[in-house]
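# Summary of the model geometry
The lines below spell out each chain.
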Amino acid sequence: MSRVARRPAVRTTFAAIALVVLVTAGVLIARSISDPDRVLLARSDQRETVLRSLRLAGIEHAVVGFGDGVAVVRIDVPVLVSASDATISSQASFATLAAGYPSAREYVVQLFASGHPLVEVSATGDAVRDAVRADDTGILHSALAARLITRSVDVDPGVRVVPDAQLAGVTPGQRARAEVLLTAAPEEATALPPDAVAVDVHLAGAYLDAKNRAAGLLGDDGPASQTASALATAAARVRQDAPGVRAPGPDERALDTYRLRLRTAVEASDVAGGGDLLADIDALGPDPGRAEVTRVRSVVLAIESLAASPSPASVLAGAHLLATDVAASALPAGTGADAVLAAADAPSAPDSAVDVRAFERSPELDFVPGEAASGALPERVLRLNARPGSPPSLTWAGEGGSESVAPEVWLAFERADGALYWLADEDGQVALTDASLRGWAFSRSVAALVDASRCGRLLATFAAE
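The text that follows walks through the structure, step by step, so that each part is easy to find. Remember, it's a predicted structure, so these values are computed and weren't measured experimentally.

### Quick look at the overall build of the protein chain
For the protein chain, the count of helices and strands is 16 helices and 18 strands. Evaluated residue by residue, the protein chain yields a buried proportion of 48% over its 465 residues. Of all intrachain contacts in the protein chain linking residues separated by at least 6 positions in sequence, the fraction that spans at least 24 positions is 67%. A total of about 22,000 Å² of accessible surface is found on the protein chain, and carbon and sulfur atoms cover 53% of it.

### Points about the nonpolar core
By size, the foremost hydrophobic cluster in this structure holds 86 residues, and its most contacted members are Leu 97, Tyr 107, Ile 303 and Trp 440. Broken down by element, the residue count for this core peaks at eight residues, all from helix 12 (residues 290-307). Setting aside anything within four residues of it in sequence, one finds Ile 303 in contact with Val 119, Leu 148, Leu 262, Ala 265, Val 266, Ser 269, Val 271 and Leu 277. The next biggest cluster of nonpolar side chains, apart from the first, holds 19 residues, and it includes Ala 376, Trp 410, Val 430 and Ala 464.

### So, the sheet that holds strand 18 (residues 454-463)
Spatially, 9-12-13-14-17-18 is the arrangement adopted by the six strands of the open sheet, whose pairing is antiparallel. Unpaired on one side and paired on the other, strand 9 (360-361) and strand 18 mark the two borders of the sheet. As paired elements, strand 9 and strand 12 (residues 410-414) share two bridges and run antiparallel to each other. In the sheet register, Glu 360 faces strand 12, and the bridge partner there is Glu 414.

### Focus on the environment of Ala 230
With respect to the helices, strands and loops of the structure, Ala 230 is situated in helix 9 (residues 226-241). A sequence separation of 88 residues divides Ala 230 from Gly 318, and the C-alpha atoms of the two residues are 7.3 Å apart.

### So, the sheet that holds strand 4 (residues 116-124)
Strand order in the open sheet formed by six strands is 5-4-3-2-1-6, with mixed pairing between adjacent strands. Of all the strands in the sheet, just strand 5 (145-148) and strand 6 (197-198) have a single pairing partner and so form its edges. The sheet contact formed by strand 2 (residues 70-76) and strand 3 (residues 106-113) spans seven bridges and is parallel. Each residue of the ladder has a partner; that of Val 70, found in strand 3, is Glu 106. Lying over the sheet, helix 3 (residues 46-57) contacts strand 1 (62-67), strand 2 and strand 6, oriented at roughly 150 degrees with respect to strand 1.

Reading guide: rules and limits
- Residues numbered from 1 in each chain as written.
- Predicted model: local features only at pLDDT ≥ 70, side-chain atom pairs only at ≥ 80, totals over all residues.
- Heavy atoms only, no water.
- Helix = DSSP H or I, 4+ residues; strand = E, 2+ residues; numbered from the N terminus.
- Buried < 20%, exposed > 50% of the residue type's maximum accessible area, 1.4 Å probe, protein only.
- Contact = heavy atoms within 4.5 Å.
- Areas by Shrake-Rupley, 256 points an atom, 1.4 Å probe, with all protein chains shown as cover.
- Core = buried A, V, L, I, M, F, W, Y, C linked by side-chain atoms within 4.5 Å.
- Pairing = 2+ DSSP bridges.
- Axes fitted to C-alpha atoms, helices over the stretch in contact; angles between N-to-C directions.

Pasting the structure below:
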């Protein structure tokens, strides 16, 4: 009898022990990854989805928000060589917004170039979604309402305050360009919604790229999917279909040529604000300087993209599908997720993902300045950016003033996720890594100089091509 009576007590004891073990394990797991860090690895919300998708297109800086049924995106077009660059950017933006906000009443796209506002194009939600479903640029083109937003109003700093967030994965230069895009206040433009989020102000571009990479959507050579490959082909066709434009002759002022092109494009596109813009450009005088001429050229190309007949080639359906892939993507535990935490400089990121000296050595990839050309990243960076010397030095603006490094050797290390880093000498405090933005529409080759002990902390960027 006594043996039988003790069984419930034994079971209770084991259950209590098991409960303690489970609770302890839960506490340890919770402590190992803080709540903010778990958010970093979670599926992206609507705003992050849009920004990650635009990064896959090669758009470095963008702002997105939603309010009162209207989804707004503001992008800085990376390269504006022809009107087709503006066309591709606006199509990709509309399709991405439609994926991120599938029930929006209206979609608004604002195009900037080098921080200067150009045009705003908008369309009803139904029209954009119809165009995306049919992959038909004609439907979108006929539904667009366009206005020039080249005039800006002064902003009271006390009215619009940039969030005081410290982003380790953003250089001061990147942050400054991002803030210009976020705080711009073009006349007649749709105001950014209160919940607007900007790349390199709220979310570091390096973090967004790392999340795309961990989800299997981004590889060393760019977006890694059949959808992205098809988009690259479509973008090339859009560029091929763009009509040729006569360049200024040797005896012509560039500004005079752009004035004529602008007048023609304004009349053909019926864009709102065209008359004011023509008056502004006429008031510039015969020689306003290269920067102003470049800005006028960007405006001309943006308006010509609206005036031109839509190309049968389209990136609408592809960009929408890619954005839905981003929204659905989950990050498996492992080296990719660790790299995301490292890019965000999260406290829970393991040393194996953040400390360059903890990575695996790849001595065959070491680079010694002055030796035979190898094509290694440090070689390209030094050739394009270094100050002469033996060895050559890289200089950047640090918190306490100008800083420089001139290592005898750049030691190669490979992180578990495949990312390569070059440490500046054995006792170096900094390292170089590839931070290029390679999208299906635009690409830019760049290297980042990072803190060797916390590789998510960017110190400077350098041209690498």
